Amino acid sequence: MREAQVEKANYFLLVRNIHRIEKGLLMRPRRAVFAKDYIRETVDSYIGVVTKQTDSPSQLAWFTDVLDSYFNTSGEDKVVIKEKERYDSFKQSLNGKLANLQCEFIKIPYHRNESLKPNISYEDFYKLNKYRRSVRWFLTRPVPRELIDKAILVASQAPSACNRQPFEYYIIDNPELVKEAVKLPMGTTGYAHSIQTFIVVVGNLDSYFDERDRHLIYIDASLANMSLMLALETLGLGSVSINWPDIESREQKMEKFLKLGPHQRPIMCIGVGFPDPEGMVAFSEKRDLNQIRKFL
C-alpha cells in the first residue's frame, strides 16, 4: 500500500492494471475509451517501476507495448490525453533506455495461431499425467540446476489472477541444507534422506491490495506446481509433492530457515531427483469420473 500510494511504484499493481488494459483491448465490442478510473494510477506505477526496476526486461517490454497500444488506439478523452502526455514525456526522458526492450514481436493481445500449436495428442498427455506418480526413492545423483530452471519456465506459463504470479520457488540443493529442509514439513518420514533437491513454494501476500484475494497464493501456485511436476517428468526427473502443515511453530521454523518476510507464506514443498528404478511408487487409483463430475 505504501508503494502504491506514496512511492507510486508498486510492481504488482502495475501488473494487475496492465492485464486489465489487455482485457479492454481484446473486448468485443471494444469501447473507444476505457480504463479512465485507473489509467493515472497505471502511469504512476509504470514511471515508478521502470525507474526502480531493470531486472525483468521481458515484462517491462510487455508493460510498454500494452500502454503504447492503449494510448495509440484510444478515443478522444481529456483524461486519456493528459496521461498519454505524461507517459510520452517520461519515455522521452529515458533517452532511448527502453530501446533494448524491443522484441521480435509486440506483446499485445493477438489471435491464436493454430499453426503454432504443438502436436501433442490427448492420449499422450493423458499417459503423461497417469505416468506421473509421487516418487519417493531417488538416485544419489545431483539434479542439474538448468533442468530445474527449465521446469520453472514451464510453471511460469500457468494462469494466475491478473497475471500477478504471487509465488516464488526456493531451491535447496546443497546436501547439508537439504538434510535440514526435509525435516520442516510433515509426512517425509522414511524417505526424506533420498530427496536430492528440495523446493519450497512460497506465496507473496503483498501481491494483493484487498483481503478478498488472500487465498489466491494457494490457487495460483497450485496451478503452476502441477505444470512444474509434469515438466520434470519430461526432463527425466521425478517429484513428490509434500503438504505444508498449517501449524504456527512450523511456519516460524520455515520463515527462519528461508529468511522470509512477514508477508510470505510457505505453500507446499516438492522433493525432486532422478527416480531410482528399483524403488516403487504407489498405484494411487483415482476417483471414478462420475464421482468428481456433475453436469448441470
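I will try to describe carefully the structure that is included in this document.

What counts and what doesn't
- Residues numbered from 1 in each chain as written.
- Predicted model: local features only at pLDDT ≥ 70, side-chain atom pairs only at ≥ 80, totals over all residues.
- Heavy atoms only, no water.
- Helix = DSSP H or I, 4+ residues; strand = E, 2+ residues; numbered from the N terminus.
- Polar contact = N/O pair within 3.5 Å; in protein donor to acceptor, adjacent residues only side chain to side chain.
- Contact = heavy atoms within 4.5 Å.
- Expected span 1.5 Å × (residues − 1).
- Buried < 20%, exposed > 50% of the residue type's maximum accessible area, 1.4 Å probe, protein only.
- Axes fitted to C-alpha atoms, helices over the stretch in contact; angles between N-to-C directions.
- Parallel < 35°, antiparallel > 145°, perpendicular 65-115°, else oblique.
- Left-handed = near helix turned anticlockwise from the far one by under 90°.
- Nonpolar A, V, L, I, M, F, W, Y, C, P; charged D, E, K, R; others polar.

### Description of the side chain of Gln196
- Here Gln196 shows up in the loop between helix 8 (175–181) and strand 2 (197–204).
- One polar contact links the side chain of Gln196 to the main-chain carbonyl oxygen of Ser194, over a distance of 2.9 Å.
- When residues no more than four places from it in sequence are discounted, the contact partners of Gln196 are Phe138, Leu139, Thr140, Arg141, Pro142, Val143, Ile172, Asp173, Val178, Val272 and Gly273.

### Some details on helix 3 (residues 39–52)
- For helix 3, built from 14 residues, the straight-helix expectation of 20 Å at 1.5 Å per residue is met to within 8% by its first-to-last C-alpha distance of 20 Å.
- By the burial criterion, the buried members of helix 3 are Ile39, Thr42, Val43, Asp44, Ser45, Tyr46, Gly48, Val49 and Val50.
- On the buried face of helix 3, the contacting elements are helix 2 (11–26), helix 4 (57–73) and helix 5 (78–93).

### Brief notes about the packing of helix 2 against helix 3
- One way to put it is that helix 2 packs onto helix 3 with a least axis distance of 9 Å and a crossing angle of 130°. Looking at the two axes, helix 2 sits oblique to helix 3. Taken as a pair, helix 2 and helix 3 cross one another with a handedness that is left-handed. Seen from helix 2, the contacting residues are Tyr11, Leu13, Leu14, Asn17, Ile18 and Ile21; seen from helix 3, they are Ile39, Glu41, Thr42, Ser45, Tyr46 and Val49.
- Across the contact of helix 2 with helix 3, the residue classes tally to eight nonpolar, three polar and one charged.

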